[in-house]
Amino acid sequence: MDISVVLGCSLGAALGAGILASYKLGLLYQLFHKTERQSPRHGGESVAEVLRAHGIKFVFTLVGGHISPILVACEKLGIRIVDTRHEATAVFAADAVARLSGTVGVAAVTAGPGLTNTVTAVKNAQMAESPLLLIGGAAATLLQGRGALQDIDQMSLFKPLCKFCASVRTVREIVPTVRKALAVAQSGTPGTVKFAILTFKYPINLILYLWNHLSNLFAGAWETRDLSPLPVHIPHATEDEVQRCVELVSRAKKPVILLGSQATLPPTPADDALESLGIPCFLGGMSRGMLGKNSPLHIRQNRRDALKDADLVLLAGTVCDFRLSYGRVLNRRSKIIAVNRDRSQLLKNSDMFWKPTVAIQGDAGSFLVRLSKALKGHRCPEEWPRSLKEGDAVKEKANRSKADEKTERHLNPLSVLHRVDELLAEDSIIVADGGDFVGSAAYIMRPRGPLRWLDPGAFGTLGVGGGFALGAKLCRPESEVWIVYGDGSLGYSVAEFDTFTRHKTPVIALVGNDACWSPISREQVPMLGSNVACGLSFTDYHIVADGYGGKGYLTGREDESQLDDIIKKAQKECREGKAVLLNVLIGKTNFREGSISV
């Protein structure tokens, strides 16, 4: 080969390698974008500006050095910083804000253990379909992989849990990355594929950094950038799909709607559409309360029997997982319309136990609105919802009779829940965090309106109570916020009574204290003959609340005649600014027999 050709190839390869190296080192970018070496600004300001432009009002956190610039910048721009006693609580609080406000909930935690402490809460939010942004600190870029404090491989840990993960390595990347993260969090299904985590890397000690690395880190950092929200993409049913469903519903004699949490997602509320359709509804998850306290369309009991008789079932954001026996409770002769933003959830277990007549990947709320408009003037035969409501009344009466029974010791938990429900303020929000006591509350307590019931969702996570209540009280400061706790679940977040006190967010915690992990014990003892690890103590949780600046009350059988007065006193204390804990000693009933714990 001619030597000139060889030299030419070598020079070309060297030139290409040089250009590539220059690009990776940021030399090319620095040629056209200024580095303001005397600027006092920092990347936290860019984060705060984007959050403010997107209407974010709260950032939940447990402080750490890696995220201090972000917290300080947010505070300066009027974004309220709410610090908690555990990182999981910060994410749970952001989750509640996302559900109640229709915006993205934001949590910021420090590197390493700060991030790993959020994993359960992140997974819970993913499965509950809540749009969240988690901002995580990280070790300085040049120190990663060299044994730096709290340095971990964040991306590998969070990619399975998050819809979008990004590692920001220069200040100029912050604005476009945060804008994209906020849009992605709300697009499509804001749950199963929802979560965003960003890591902001900045120098701890500038002496350690090469001049070029610093120049590239801040090159173009303060150039004017668009901060406005990017478009959010939400799937919708086609006209043909809606029309096909109109035909099916119009012919149905015994239709039923099963509403899931997706029906509460913005931008389209579905409550008016449900009243217009006149179809009996079973409400699950966040949709509890959507029809108010006493709607003739809301059926609370005997769901399995109703599904057996129904000739059409509309699954509006409801998934055929364990909560619907994987689809086995659906009548194979029924016409089934399934609507869900996420295709995998839309068709879950349809290859085994059920098959949709029409499967629509789209927003449940907007679908119901369009369906009701197309069916204007049509209502299902009135005798059908009336018969279901009569069955409801029979079951409710039987449940009430169980509440009147005396337990072997302490108070009947069903009686306690009935009495609290009767005294709930009309603007109350109920946070559910526990096993048996909370499972009973789901049958007895009646949310007064839409978005007034918060439970963990399909993941069944314990420990959401403190964070959910904190987020709820901040979103709805005028509302009476109740946490219904089991004594086991209380242990996860009782320290947040300190947070309630410091941030002036008074709530009421109702603790069903039976000194036991009852859902596990109920199966473990008869099956394996041992109560090992299931027993707790009748602990003085009310004193713990006092110690954190709240007010605690101990209530047992000797206080039964005064229970209403104690509840009213707790409500008064809460209105006056005190977080209150009612430590209610409860006995055993057979109400929850047959419920699952695995």
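Sequence order as written defines residue numbering, which begins from 1 separately in each chain. Only residues with pLDDT of at least 70 get local features here, since the model is predicted, and only at 80 or more are side-chain atom pairs given and counted; chain-wide, interface and lining totals rely on the full set of residues. Working from all heavy atoms in the structure, the side-chain values ignore hydrogens and water.

### Here we look at the overall build of the chain
Here is step 1: Per the convention used, a helix needs a DSSP run of H or I reaching at least four residues, while a strand needs a run of E reaching at least two, with both numbered from the N terminus. Of regular secondary structure, the chain possesses 24 helices and 17 strands.
Here is step 2: When each of the 598 residues of the chain is scored for burial, the buried share is 55%.
Here is step 3: The contact rule is simple, with two residues in contact once any of their heavy atoms fall within 4.5 Å. Taking as baseline every contact in the chain between residues at least 6 positions apart, the subset at least 24 positions apart corresponds to 76%. Relative accessibility thresholds used throughout: buried, under 20% of the residue-type maximum; exposed, over 50%; partly exposed, between the two (1.4 Å probe, protein chains only).

### Observations concerning the sheet that holds strand β13 (residues 453-454)
Here is step 1: Ordered by their spatial adjacency, 6 strands build an open sheet running β13-β12-β14-β15-β17-β16, and the pairing between neighbours is parallel. For this open sheet the edge positions go to β13 and β16 (551-555), each flanked by a neighbour on one side alone.
Here is step 2: Two strands are counted as paired when DSSP detects at least two bridges linking them. Inspection of the sheet shows strand β12 (residues 429-433) paired to β13 by 2 bridges, in the parallel sense. Paired with I430 across the bridge in β13 is W453.
Here is step 3: Its contacts with the sheet place helix α18 (residues 436-444) against β12, β13, β14 (481-486) and β15 (508-513), and it is angled at close to 130 degrees to β14. For every element, the axis is a line fit to its C-alpha atoms; helices are fit only across the contacting stretch, and the angle between N-to-C directions ranges from 0 to 180 degrees.

### A look at the pattern of salt bridges
Here is step 1: Every case where a carboxyl oxygen of Asp or Glu lies within 4 Å of a side-chain nitrogen of Lys or Arg is listed as a salt bridge. The full count for this structure, using the stated rule, is 21 salt bridges.
Here is step 2: Here D226 makes a salt bridge to R179, at a shortest N to O gap of 3.3 Å. Of this pair, D226 sits in the loop between α10 (211-218) and α11 (239-251) while R179 is found in helix α9 (residues 174-186), placing the two residues 47 residues apart along the sequence.
Here is step 3: Taking the shortest distance from any N to any O, the salt bridge between D436 and R592 comes out at 3.7 Å. Taken together, the residues span a long stretch of sequence, with D436 in helix α18 and R592 in the segment after β17 (580-585) at a distance of 156 residues. Both residues of the pair, D436 and R592, count as buried.
Here is step 4: A single salt-bridge network, built from bridges that share partners, covers D83, R85, D498 and R502.

### Considerations on helix α5 (residues 87-101)
Here is step 1: The span one expects for a helix is its residue count, reduced by one, times 1.5 Å. Over its 15 residues, α5 runs 21 Å from end to end, which matches the ideal 21 Å to within 8%, given 1.5 Å per residue.
Here is step 2: The buried fraction of α5 is high, at 14 of 15 residues.
Here is step 3: Backbone geometry just downstream of α5 places G102 in the positive-phi region, at approximately 80 degrees.

### Considering the environment of I520
Here is step 1: Structurally, the position occupied by I520 is in helix α22 (residues 518-528).
Here is step 2: A relative accessible area of 37% means that I520 is categorised as partly exposed.
Here is step 3: In this structure, the C-alpha to C-alpha distance between I520 and A533, residues 13 residues apart in sequence, is 9.5 Å.

### A short note on a positive patch on the surface
Here is step 1: A contiguous patch of positive charge, built from R303, R304, K308 and R328, is present on the exposed surface.
Here is step 2: Summarising the element assignment, K308 is placed in helix α13 (residues 303-309).
Here is step 3: Of the residues examined, K308 reaches a relative accessible area of 52% and is grouped as exposed. Each patch groups residues whose relative accessible area exceeds 30% and which form no salt bridge, using 9 Å between like charges and 5 Å between nonpolar side chains of Val, Leu, Ile, Met, Phe, Trp and Tyr. Under the convention used here, a 1.4 Å probe and the Shrake-Rupley method define accessible areas, while residue burial counts only the protein chains that appear. For this count, His and the chain ends are skipped, Lys and Arg are scored as positive, and Asp and Glu as negative. To locate a charge, take NZ of a lysine, CZ of an arginine, CG of an aspartate or CD of a glutamate.

### Some details on the side chain of T110
Here is step 1: You can see T110 is positioned in the loop between β3 (105-109) and α6 (113-116).
Here is step 2: Using a relative accessible area of 9% as the deciding quantity, one classes T110 as buried.
Here is step 3: Any pair of nitrogen or oxygen atoms within 3.5 Å is treated as a polar contact; in protein, a donor-acceptor pairing is required on top of that, and neighbouring residues in sequence qualify only through side-chain atoms on both sides. At 3.0 Å, the side chain of T110 forms a polar contact with the side chain of H66.

### Brief notes about the sheet that holds strand β9 (residues 312-316)
Here is step 1: In spatial order, the strands read β8-β7-β9-β10-β11; together these 5 strands make up an open sheet with parallel pairing. Edge positions in the open sheet fall to β8 (281-283) and β11 (358-361), since each of these has one partner strand only. Taking each pair of neighbouring strands and ignoring which way they run, the sheet shows an average axis angle of 10 degrees.
Here is step 2: Pairing between strand β7 (residues 255-259) and β8: 3 bridges, direction parallel. Residue pairing for β8: L258 is matched across the bridge by F282.
Here is step 3: Its contacts with the sheet place α11 against β9, β10 (335-340) and β11, and it is angled at close to 140 degrees to β11.

### A word on the nonpolar core
Here is step 1: Counting 51 residues, the largest nonpolar core has F60, L454 and L581 as its most contacted members.
Here is step 2: At 10 residues, α5 tops the list of elements feeding residues into this core.
Here is step 3: Non-local contacts of F60, meaning those with residues more than four positions away in its chain, are made with V82, A90, A93, A94, V97, V106, A107, A108, L470, G471 and L474.
Here is step 4: Only buried residues count toward a nonpolar core, which is a set of Ala, Val, Leu, Ile, Met, Phe, Trp, Tyr and Cys residues joined through side-chain atoms within 4.5 Å. Judged by nonpolar contacts, the second largest core, of 33 residues, contains L248, I257, L312 and L375.

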